[in-house]
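# Analysis of the macromolecular model
Chain by chain, the residues run as shown.
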Amino acid sequence: LGIAHHVPVGHPQQRDRAKDLFFRLNGLPQERRQELNRAFRNLRDMNPEDRQRALDSPQMRNNFSDNERDILRGMTDLNIGPGRSGGGDEGPRFF
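### So, helix α2 (residues 30-43)
Between its first and last C-alpha atoms α2 spans 20 Å; for 14 residues at 1.5 Å apiece the expected length is 20 Å, and the two agree. Three or more residues of α2 are buried, namely Arg33, Leu36, Asn37, Ala39, Phe40 and Leu43. In this structure, the buried residues of α2 make contact with α1 (12-26), α3 (48-55), α4 (58-63) and α5 (66-78).

As structure tokens, then:
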């Protein structure tokens, strides 16, 4: 996975939150970042209620630490994560 520092251009609070998530994510081992990448892809197309239920599910609690689930929650809340443009996965915009 290539690392690209993509920070939304919205409000300063959003930029600060995105930077925090970026640094927390990059502090994880690559294997865990890849797992979060996969989880994000599953979560990003869910509506907020289903996404919250998924993040709080026993399966997610068993597979991801509180910190990792918080990173996933933040990425989906800010709508940042692996890019979706074009016909394929071009790699991550955020991690």
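Continuing now.
### Quick notes on the pattern of salt bridges
Pairing is possible between side chains of opposite charge, provided their charged atoms come close. Summed over all chains, the structure comprises 11 salt bridges. Where Arg53 meets Asp50, a salt bridge forms, and the shortest distance between an N and an O atom there is 2.4 Å. Placement of the pair is Arg53 and Asp50 together in helix α3, with a separation of 3 residues, close to one helical turn. Overall, Arg53 belongs to the exposed group, its relative accessible area being 55%. Overall, Asp50 belongs to the partly exposed group, its relative accessible area being 32%. Two residues, Arg69 and Asp66, come together in a salt bridge whose shortest N-O distance is 2.5 Å. Of this pair, Arg69 and Asp66 both sit in helix α5, separated by 3 residues, roughly a single helical turn. Look at Asp66 and you get exposed, because its relative accessible area is 56%. One network of salt bridges, with partners in common, ties together Asp56, Arg61, Asp66, Arg69 and Arg73.

Definitions and cut-offs
Residues numbered from 1 in each chain as written. Predicted model: local features only at pLDDT ≥ 70, side-chain atom pairs only at ≥ 80, totals over all residues. Heavy atoms only, no water. Helix = DSSP H or I, 4+ residues; strand = E, 2+ residues; numbered from the N terminus. Expected span 1.5 Å × (residues − 1). Buried < 20%, exposed > 50% of the residue type's maximum accessible area, 1.4 Å probe, protein only. Contact = heavy atoms within 4.5 Å. Salt bridge = Lys/Arg side-chain N within 4 Å of Asp/Glu carboxyl O.

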